[in-house]
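# Understanding the architecture of this molecule
For reference, the chains in residue letters:
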Amino acid sequence: MGEQMSSGGGGLLAGLSHEIAGAVERAAPSVVRVDDGSRLTATGVIWQADGVILTTSHGVERDEELAVELSDSTTRLPATVAGRDPDTDVAVLRVQASGLPAIERAGLDDARVGHLALALGRPGTAGLQATIGIVSSRQDSQTAGTPEYILSTDAVLYPGFSGGPLIDVGGRMIGLLNRAFGRGAAVALGTPLAARVADALLTQGKVSRGYLGVRTQLVALPVPLRQALNLGQERGLLVVGVEPNSPAEQSGLTLGDLLLSVNGQNVDDVDELRSHLRARRAGESVTLGVARAGSRHDLSVTLGVEG
Amino acid sequence: MHSSGALFAPLLAETGALADRLRQSVVLVRCGVGGSNGYTGGHGSGVFWPAAPLLTNGDALVVTNDHVVAGAADRRRGHGRIEIELADGRRLPATVVARDRENDLAALRIPAAPDLPPPVPIGDARNLRVGELIVAVGNPFGVRGTTTLGIVSGAPGSVTWLDGNGESEAYGGNRRQRGGGTNERRRDLLQADVVLAPGNSGGPLANAHGRVVGIAAMILSPGIALAVPAHVVEQFLASALAAPATAPRQAVAA
């Protein structure tokens, strides 16, 4: 390259610079452009060599006449939607091809807060683009006993980056980027989570999650009730609607019940309830701790399938 | 895995040294229109660029954006004054000796003086790979010598700029792309995710070796910065200053 070192340099910065460029080049062949005919194209990741592409659902505005443009900026393959999961905003596409360069996936412990991370995308016709940041946060969770995580990063996500990979300095994918998911923050669904959703979409066309069939509202629990029932929590979920023929109705849950816990764990906001349900499959049984007319009840519910 | 500090400390030391060297050659460019009590115009950044062999009388050369000096350099609008402020605080008068509106570049001549900062070493943006580190120094919001780090985000030459008939804002150069303009032209621009702000325009972007590969020109949003590549600056200077002259001349578009 012929670049001379500036005086006093030990070459570390140049070495780091080359490693980062190398990581980008390693992952680049697996980053594709998803064209749904709208003005804003999306980015996608080659997930499996036999033609499975991962991207975000919101970036793919229709189900027909889709095309995936490979890293050579020339090969355009017609694509179909194998499935969408609105909950994680993931879509899986299929193209007729084999031997495609699938992205290398990082392991569960490879993404730590503070690690350098690169966001890759192919927005518009500008070719491969990359931005740099660190892993700013990592939220761990479990689904049916399998550990997963969600990351956020301070790397700038350019428009059109959603659906692309967040990679580490080894060029391995640590997450699937989504600009819209985090309400402006740059969020990446951890690779294990993306893998689980992709598997479910490929085999069943959707992700089945535990479904209760209840509408709730967060309320502050009255002090006399808390004292009478010896409750440690300050808030609970008031049941304001029960879907007909739903698992909730079948369990005996009714309008006016105060939902306090799931399987013994206090629930004091709607997101917590949702994450309890998300973590379970249809057919699983859970115990709901409920306060009704001043006394405590435990209801057993068999979670159903989200419609 | 390395123990903490094994790489981090020397890496930071190197980055700090690179930034210090750059900063000493970065100036604040102030433009005013009239006024006896100082400058009321806009400001931006500039950097000392190698003057030889273009200027032969010992004068120094500062490169900045055309939009930074546009208000003061247009003589028809009255007495425009331009001064630069060095990193050590010294203020020196400057004259515009060349302008290139299409590439958004301007060259300022600084009369020879003792202890002027050295010009920066120049690199080649055309060799850059996506992912290479970029260090930008400038004066965002007037905060002197602010340094930011990012990477090359788009391959050099991959940015298409649609030159519509809209004027860029004189302050910071933010501009929206307009579709379907009659003057669609592929401008050779360097794209980096360094976080720049109004006031950074005209300041240098350097590679990991400390060589300047571009001049900040446009901020599409924080984290999306476009810069004029060094070779475009060199072409502008060579054609505008080919013959020694004391009068400012319009640069020939490359």
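Chains are numbered independently. Their residues run from 1 in the order of the written sequence. Here every chain gets a letter starting at A, and every ligand a number starting at 1, in the order they are written. In keeping with the model being predicted, local features are shown solely for residues with a pLDDT of at least 70 and side-chain atom pairs are shown and tallied solely at 80 or more, while totals for entire chains, interfaces and linings include all residues. Hydrogens and waters are ignored; side-chain quantities use all the structure's heavy atoms.

## A short note on the overall build of chain B
Labels follow the DSSP assignment, with helices taken as runs of H or I lasting at least four residues and strands as runs of E lasting at least two, numbered in each case from the N terminus. If you tally the helices and strands in chain B, you get three helices and 16 strands. Expressed as a percentage of the 254 residues in chain B, the buried residues total 53%. It only takes one pair of heavy atoms within 4.5 Å for two residues to be counted as in contact. Restricting the contact set of chain B to residue pairs at least 6 apart, pairs at least 24 apart contribute 65%. Surface exposure here means Shrake-Rupley accessible area, sampled with a 1.4 Å probe, where a residue is shielded only by the protein chains that are shown. Working note: accessible area of chain B is about 11100 Å², and carbon and sulfur atoms make up 54% of it. Burial classification: accessible surface area is computed with a 1.4 Å probe over protein chains only, and a residue below 20% of its type maximum counts as buried, one above 50% as exposed, and the rest as partly exposed.

## Describing the overall build of chain A
Scanning chain A for helices and strands turns up five helices and 20 strands. The dimensions of chain A, computed from C-alpha atoms along their principal axes, are 80 × 50 × 30 Å. Put simply, chain A has 307 residues, and 49% of those count as buried. Residue pairs in contact within chain A that sit at least 24 positions apart in sequence constitute 58% of those at least 6 positions apart. Of the roughly 13700 Å² of accessible surface on chain A, a fraction of 48% belongs to carbon and sulfur atoms.

## Observations regarding the interface of chain B and chain A
Taken residue by residue, the interface counts 31 residues in chain B and 30 residues in chain A. The junction of chain B with chain A conceals about 2600 Å² of combined surface from both sides, 56% of it contributed by carbon and sulfur atoms. Buried area is a sum: the accessible area each of two parts loses on coming together, probed at 1.4 Å, counted once for each and added. Considering only the surface of chain B that becomes buried against chain A, Glu14, Arg129 and His209 of chain B emerge as the three largest contributors, covering 25% of it. A carboxyl oxygen of Asp or Glu within 4 Å of a side-chain nitrogen of Lys or Arg is what we treat as a salt bridge. If you look at where chain B meets chain A, you find one salt bridge. Taking the shortest distance from any N to any O, the salt bridge between glutamate 25 of chain A and arginine 129 of chain B comes out at 3.0 Å. As used in this structure description, the phrase polar contact means that two N or O atoms lie within 3.5 Å; if the pair is within protein, one of them must be able to donate a hydrogen and the other to accept it, and residues adjacent in sequence are counted only when both atoms belong to side chains. Counting across the interface, chain B meets chain A through 11 residue pairs in polar contact (both at pLDDT 80 or more). Residue assignment for the side of chain B that touches chain A shows that the elements contributing at least two residues are α1 (8-23), β9 (146-154) and β12 (190-192) of chain B. Sort the elements by how many residues they give to the side of chain B that touches chain A and α1 of chain B lands first, with six residues. Among the residues forming the side of chain B that touches chain A, the class breakdown is 12 nonpolar, 12 polar and seven charged. Any residue outside Ala, Val, Leu, Ile, Met, Phe, Trp, Tyr, Cys, Pro, Asp, Glu, Lys and Arg is labelled polar, Gly included; the first ten of those are nonpolar and the last four are charged.

## Notes on helix α1 (residues 12-27) of chain A
What sets the pattern is the α-helix's 3.6 residues per turn: residues three or four places apart point alike. For α1 of chain A, spanning 16 residues, the distance from its first C-alpha to its last is 23 Å, which sits close to the expected 22 Å at 1.5 Å a residue. Where α1 of chain A is concerned, the buried positions are Leu13, Ala14, Ser17, Ile20, Ala21, Gly22, Ala23, Val24 and Ala27 of chain A. Helices are assigned an expected span. That span is 1.5 Å times one less than the residue count.

## Focus: unusual backbone geometry
All names here are of chain B. The step from alanine 52 to proline 53 runs through a cis peptide bond, and the omega angle for that step is 0°. Tracing the chain through its elements places proline 53 in the loop between β2 (43-49) and β3 (60-64). Although it is not a glycine, aspartate 104 sits at a positive phi angle of roughly 60°. Here aspartate 104 shows up in the loop between β6 (95-100) and β7 (105-110).

## Overview of the pattern of salt bridges
Two side chains of opposite charge can pair, provided their charged atoms sit close to one another. Residue and element names in this part refer to chain B. If you walk through the whole model with that rule in mind, you get 21 salt bridges over all chains. Across the salt bridge formed by arginine 30 and glutamate 83, the nearest N and O atoms sit 3.4 Å from each other. A residue pair is termed long-range when its members are at least 10 positions apart, and arginine 30 in strand β1 (residues 26-33) and glutamate 83 in strand β4 (residues 80-85) qualify at 53 residues. Neither arginine 30 nor glutamate 83 differs from the other in exposure class; each is buried.

## Some remarks on the nonpolar core
Joining through side-chain atoms within 4.5 Å is the link that ties buried Ala, Val, Leu, Ile, Met, Phe, Trp, Tyr and Cys residues into a set, and such a set is a nonpolar core. Within the largest apolar cluster, 67 residues are counted, with the highest numbers of intra-cluster contacts made by Leu118 and Leu120 of chain A together with Trp49 and Leu237 of chain B. When residues of this core are assigned to their parent elements, the largest contribution, seven residues, is made by helix α2 (residues 191-204) of chain A. The contact partners of tryptophan 49 of chain B, leaving out residues within four places of it in the chain, are Leu61, Val63, Pro119, Ile122, Val212, Ile215, Ala230, Val233, Glu234 and Leu237 of chain B. Among the nonpolar cores identified, the runner-up in size contains 19 residues, and Ala60, Val68, Ala94 and Leu116 of chain B belong to it.

## Regarding a nonpolar patch on the surface
All names here are of chain A. Nonpolar side chains collect at one region of the surface, where Leu116, Ile134 and Val169 lie side by side and expose about 190 Å² of accessible area between them. In this fold, isoleucine 134 is placed in strand β8 (residues 129-143). According to the relative accessible area criterion, isoleucine 134 is partly exposed, its value standing at 33%. Each patch is assembled from residues with relative accessible area greater than 30% and no salt bridge, linking like charges that lie within 9 Å and nonpolar side chains (Val, Leu, Ile, Met, Phe, Trp, Tyr) that lie within 5 Å.

## Observations regarding the packing of α1 of chain A against α1 of chain B
For helices, the fitted axis covers only the stretch in contact; all axes are lines through C-alpha atoms, and the angles between them, taken along N-to-C directions, range from 0 to 180 degrees. Relative orientation of the contacting elements α1 of chain A and α1 of chain B amounts to 105°, with a least axis distance of 8 Å. As summarised for this structure, α1 of chain A and α1 of chain B are arranged roughly perpendicular, according to the angle between their axes. Facing α1 of chain A, whose interface residues are Leu12, Leu13, Ala14 and Leu16 of chain A, α1 of chain B presents Pro10, Leu11, Glu14, Thr15 and Leu18 of chain B. A breakdown of the residues in the contact of α1 of chain A with α1 of chain B according to their chemical character gives seven nonpolar, one polar and one charged. Each angle is binned into one of four classes, with values under 35 degrees roughly parallel, values over 145 roughly antiparallel, values of 65 to 115 roughly perpendicular, and all other values oblique.

## What about the environment of glycine 114 of chain A?
Residues and elements named next belong to chain A. Following the sequence through the fold, glycine 114 ends up in the loop between β6 (90-95) and β7 (116-121). In this structure glycine 114 comes out as partly exposed when scored by relative accessible area, which is 40%. C-alpha separation for the pair glycine 114 and serine 136, spaced 22 residues apart in sequence, amounts to 6.3 Å. Aside from chain neighbours lying at most four places away, what touches glycine 114 is Ile134 and Val135.

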